[in-house]
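Spelled out from the first residue to the last, the chains are:
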Amino acid sequence: MACKSHLFVLSDDVSVIDFRKPKGTWSSKSLGNHVFALSKFETSGLNGILQHSVRFSKGDLNGAESLPNGVHTSLNFEKFEIHHLRMLVKNGELEEGLKFLEHMINKGNIPDVIACTGLIRGFCKVGKTKKATKIMEILEESGAVIDVTSYSVLIGSYCKLGEIEKALRVLDHMCVAPNVFTYDTILRSLCDKGKLKQAMEVLDRQLQSGCYPDVITYTVLIDAACKESGVGEAMNLFDEMRSKGCKPDVVTYNVLIEGICNEGRLNEAIRFLKILPSYGCQPDVISHNIILRSLCSIGRWMDAQKLLANMLRKGCSPSVVTFNILINFLCRKGLLGKALNLLEKLPKHGYTPNSRSYNPLLQGFCNENNIDKAIEYLEKMVSWGCYPNIVTYNILLTALCKDGKVDDAVEILNQLSHKGCTPVLSTYNTVINGLLKAGKIERAVELFKEMCRKGVEPDIITYNTIIDGLLKVGKIKHAGELLKEMCSKGLKPNIVTYTSLIGGLSREGKVHDAIKIFHHLEALGIRSNAFTYNSIMKGLCKAQQTRRAIDFLAHMIAKGCKPTEVTYTILVEGITYEGLGDEGLELLNELYSRGVVKKSLVEKVAGKMKDKTSTSMKTNKFYPTR
């Protein structure tokens, strides 16, 4: 049989074989017991991109028609189409798969459940739940038998995106009965969102359907109940769980122990830990760690040591988390020597210290202004195979900026990406603040722009920090532009923002504009703080409007805002500036006699007033312009 065409052959086991014989002929022997047919399939919807051929056994070609040259072709492409759709899904070509599925449906073909389930999973995995839902609707309309897993995947995807209501709608329209996994997915999502009441309604529905919750279901609900309604409500669920024959596991008990600890009932939690074996459950290392952390958080170090000793006596080995809890406690108490001794014991117990083991130590060294020691242990940490995380670097950057070593901080920041540690928002906020405090305004602005370019979105803290820095050097216009940018991003100015604006305007002699903002604050119902009042009073005193400043003091007290020593210092200096130095000192002494200000402040202000009076007589200037 002569054959001058190229034959593209698909075997019965769906593996692709490509036989090409541009010249010569195929013998009947080489064909064996199979007939080769060239199949060419093109659709305008797919732009003619699909061209394949199929290999069928002789038994599959019943009803096939013969072409003039003797080659057979099947009129039924259904087997091929299903295979092609499955291959698209397998290769991750989801969009093409959806188009091909729609083509098949338009031809009146019944959709393949396996391929459609694969498409649903694929689209859900990339967060395209709308398209996954469309495929589910195609399956439902075709009358195909859909398994519960497909529905559970779609429900899980909606829950992951926080669209619980849509997940519940899928649950309502399921063609098959939901299983425990389906309900667990929705219940966990509702509990994570703090919707315990709605979760309990779903639980009732689950029970009525005859699908009984498992230990995971109840543990999730008990955890949510502890956080929202307290341990009392959680214990009711615990009792219900046991009455229905569902045996709690150690995770369930750990949730209850943590709930009791969070309510401050630590002694009760310790008693509960001791009686766990009577419930048929042995406490694990996590059970002990929960109580150990609570004991350390309130400074009960002796009890923490006893608990650790009991834990070891019962054969419950500590974990690296256990050691980290103790190291963290010792470092917070400033007992760095003991913390280091404990760190060195970790390898002896078969554990490798992690970044959470070292971070408290580095923080402790930085708190003692011993940055060199912190850097030394950072290097040791790396040499021992423990790689720092962003928290580690944030500790060092904060300490360096606080110590005025902003250039070193910037250098470390620039190296982070090369160390495989991506800076986060708090990292940039720390360094920007350090640069501004060091007076490096332009560099701070550059870093602000750099973080935006790298896709790190500034928050209200970032904007407040840089706006305040710009205002302190009189760059009101630039600060105003950033304020507009901040508002355009949906970030609302807060009391910190407004206080910075009022302070900046007052320093620049625009106290009336500052007062307008102050009144705007009151209209918004935002309560001003002492910094806000002090800024306006200082601006008024600079403008020789001390009487109005005193009126603001009265307003401040009437609003329940307690004046500070700075408040009185501003007023005394304002009175002196208007030529009433004796009256200013008299007021200061009166304030001292009433215990409002300290003696050290009286002496400091008196000396300052003497110097400024002398200067003002020479230059006719008391307050600086900035």
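Because the structure is a prediction, the values reported are computed rather than measured. (Residues numbered from 1 in each chain as written. Predicted model: local features only at pLDDT ≥ 70, side-chain atom pairs only at ≥ 80, totals over all residues. Heavy atoms only, no water.)

### Things to note about the overall build of the protein
Quick reminder of the rule: Runs of H or I in DSSP of at least four residues are treated as helices and runs of E of at least two as strands, each being numbered from the N terminus. Only protein chains enter the accessibility calculation, which uses a 1.4 Å probe; a residue is then buried when its area is under 20% of its type maximum, exposed when over 50%, and partly exposed in between. The criterion used for residue contact is that any of the two residues' heavy atoms lie within 4.5 Å. The method behind every accessible area is Shrake-Rupley, applied with a 1.4 Å probe, and residues are considered shielded solely by the protein chains displayed.
Summing up its helical and strand segments, the protein has 32 helices and six strands in all. With 626 residues in all, the protein has 45% of them scored as buried. When contacts within the protein are restricted to residue pairs at least 6 apart in sequence, long-range pairs at least 24 apart make up 57% of them. Carbon and sulfur atoms make up 53% of the accessible area of the protein, which totals about 33,600 Å².

### Observations regarding the packing of helix H9 (residues 196-208) against helix H10 (residues 215-228)
Stated formally: Helix axes use the C-alpha atoms of the stretch in contact, all axes being lines fitted to C-alpha atoms, and the angles between their N-to-C directions lie in the range 0 to 180 degrees. Under this scheme an angle from 65 to 115 degrees is roughly perpendicular, one under 35 degrees roughly parallel, and one over 145 degrees roughly antiparallel; angles in between are oblique. Crossing handedness follows the turn of the near helix against the far one: under a right angle anticlockwise gives a left-handed crossing, and clockwise gives a right-handed one.
Axis separation between H9 and H10 bottoms out at 10 Å; the angle between their running directions is 155°. By the angle class used here, H9 and H10 are roughly antiparallel. Note on packing geometry: the crossing formed by H9 with H10 is left-handed. Between H9 and H10, the residues in contact are Leu-196, Ala-199, Met-200, Leu-203 and Gln-206 and Thr-217, Leu-221, Ala-224, Ala-225 and Glu-228, respectively.

### A short note on the nonpolar core
Applied cut-off: Residues enter a nonpolar core if they are buried and are Ala, Val, Leu, Ile, Met, Phe, Trp, Tyr or Cys, with the set joined through side-chain atoms within 4.5 Å.
Membership of the largest hydrophobic core comes to 171 residues, with the highest contact counts inside it found for Ile-222, Ile-291 and Met-537. Other than its neighbours up to four places away in sequence, Ile-222 contacts Ala-234, Leu-237, Phe-238, Met-241, Thr-252, Val-255 and Leu-256.

### Focus on the packing of aromatic side chains
Note the following rule: Any Phe, Tyr or Trp ring, taking Trp's six-membered ring, that has another such ring centre within 6.5 Å forms a pair; planes under 30 degrees apart are called stacked, those over 60 apart edge-to-face, and the others tilted. As a reminder, the over-ring test applies to NZ of lysine and CZ of arginine, requiring each to be within 6 Å of the ring centre and within 35 degrees of the ring normal.
Considering all chains together, one arrives at twelve aromatic pairs under this definition. Between Phe-272 and Tyr-279 the ring centres are 6.2 Å apart and the planes differ by 65°, which places this aromatic pair in the edge-to-face class. Of the residues examined, Tyr-279 reaches a relative accessible area of 30% and is grouped as partly exposed. The residue whose ring lies beneath Lys-380 is Tyr-377, and the NZ or CZ to ring-centre distance is 4.5 Å.

### Quick word on the side chain of Thr-392
Cut-off, in case you're wondering: Pairing of N or O atoms within 3.5 Å defines a polar contact, subject to two protein rules: one partner must be a possible hydrogen donor and the other a possible acceptor, and residues neighboring in sequence count only if both atoms are side-chain atoms.
Considering the arrangement of structural elements, one finds Thr-392 in helix H20 (residues 390-402). The exposure class of Thr-392 is buried, given its relative accessible area of 0%. In this structure the side chain of Thr-392 is engaged in a polar contact, spanning 2.7 Å, whose partner is the side chain of Asn-359. Sequence-distant contacts of Thr-392, that is, excluding residues within four places in its chain, are made with Ser-355, Asn-359, Leu-362, Leu-378 and Met-381.

### Digging into the confidence of the model for the protein
Worth spelling out the cut-off: Along the chain, pLDDT gives the predictor's confidence residue by residue, from 0 to 100.
The share of residues in the protein with pLDDT of 70 or more is 85%, and the mean pLDDT across the chain is 83. Below a pLDDT of 50 lies the segment residues 1-75, which in the model reaches 108 contacts outside its immediate sequence neighbourhood of four places, other chains included.

### What to know about the side chain of Thr-546
Among the secondary structure elements, Thr-546 is positioned in helix H29 (residues 546-558). The contact partners of Thr-546, leaving out residues within four places of it in the chain, are Leu-540, Cys-541, Leu-571, Gly-574, Ile-575 and Glu-578.

### Things to note about the pattern of salt bridges
Test applied: Salt bridge, as used here, is a side-chain nitrogen of Lys or Arg placed within 4 Å of a carboxyl oxygen of Asp or Glu.
For the coordinates displayed, the defined rule picks out 21 salt bridges. Here Glu-446 and Arg-443 are joined by a salt bridge, their closest N and O atoms 3.9 Å apart. Of this pair, Glu-446 and Arg-443 both sit in helix H23 (residues 441-453), separated by three residues, roughly a single helical turn. Put simply, Lys-489 and Glu-485 hold a salt bridge, and the shortest N to O gap is 3.7 Å. Members of the salt-bridge network, linked through shared partners, are Glu-95, Lys-128 and Lys-131.

### Overview of helix H13 (residues 266-275)
The cut-off we apply is this: By arc we mean the arc of the directions from the helix axis to the C-beta atoms, nothing more.
Taken residue by residue, H13 has Leu-266, Ala-269, Ile-270, Phe-272 and Leu-273 as its buried positions. Buried residues along H13 cover an arc of 160° about the axis, so they all sit on one side. Exposed positions of H13 whose direction lies more than 90 degrees from the buried face are Arg-271 and Lys-274. Contacts made by the buried residues of H13 are with helix H12 (250-262), helix H14 (285-297) and helix H15 (301-313).

### Focus: a positive patch on the surface
Keep this limit in mind: Nonpolar side chains (Val, Leu, Ile, Met, Phe, Trp, Tyr) are joined into patches within 5 Å and like charges within 9 Å, using only residues with over 30% relative accessible area and no salt bridge. When charges are counted, Lys and Arg are positive and Asp and Glu negative, with His and the chain ends excluded. By convention, the charge on Lys lies at NZ, on Arg at CZ, on Asp at CG and on Glu at CD.
A grouping of Arg-271, Lys-274, Arg-313 and Lys-314 is seen on the molecular surface, where their side chains present a positively charged patch. You can see Lys-314 is positioned in the loop between H15 and helix H16 (320-332). The class for Lys-314 is exposed, based on a relative accessible area of 54%.

### Remarks on helix H28 (residues 530-542)
Because an α-helix completes one turn every 3.6 residues, residues spaced three or four positions apart along the sequence face the same direction. What counts is decided by this rule: How far a helix is expected to stretch is found by multiplying one less than its residue total by 1.5 Å.
Taking 1.5 Å per residue as the helical rise, H28 with its 13 residues ought to reach 18 Å, and the 18 Å between its terminal C-alpha atoms agrees with that figure. Counting buried positions along H28 gives eleven out of 13 residues, so the element sits mostly inside the fold. For H28, every residue scored as buried is listed here: Ala-530, Thr-532, Tyr-533, Asn-534, Ser-535, Ile-536, Met-537, Gly-539, Leu-540, Cys-541 and Lys-542. Tucked inside the fold, the buried residues of H28 contact helix H26 (495-507), helix H27 (511-524), H29 and helix H30 (565-577). For H28, the capping residue at the N-terminal end is Asn-529, with a side-chain oxygen 3.1 Å from the backbone nitrogen of Phe-531. Where H28 ends, the next residue or the one after it, Gln-544, has phi of about 60°, a positive value.

### Description of unusual backbone geometry
Located in the positive-phi region is Asn-369, a residue other than glycine, with phi close to 60°. You can see Asn-369 is positioned in the loop between helix H18 (355-367) and helix H19 (371-383). Residue Asn-369 is classed as exposed on the basis of its relative accessible area of 63%. Located in the positive-phi region is Gln-544, a residue other than glycine, with phi close to 60°. Relative to the helices and strands, Gln-544 is located in the loop between H28 and H29.

### Some words on the environment of Pro-248
Positionally, Pro-248 belongs in the loop between helix H11 (231-243) and H12. Of the residues examined, Pro-248 reaches a relative accessible area of 10% and is grouped as buried. Along the backbone, Pro-248 and Thr-219 are 29 residues apart, and their C-alpha atoms lie at a distance of 7.9 Å. Setting aside chain neighbours within four positions, we find Pro-248 in contact with Val-215, Phe-238, Met-241, Arg-242 and Tyr-253.

### Digging into the packing of helix H7 (residues 164-172) against H9
Definition in use: Ten residues, namely Ala, Val, Leu, Ile, Met, Phe, Trp, Tyr, Cys and Pro, are considered nonpolar, four, namely Asp, Glu, Lys and Arg, are considered charged, and the remaining ones, Gly among them, are considered polar.
Close contact between H7 and H9 brings their axes to 14 Å; oriented N to C, the two are set at 10°. Taken together, the axes of H7 and H9 lie roughly parallel to each other. Only Gln-198, Val-202 and Arg-205 of H9 make contact with H7, whose side of the interface consists of Glu-165, Leu-168, Leu-171 and Asp-172. For the contact of H7 with H9, a count of residues per class yields three nonpolar, one polar and three charged.

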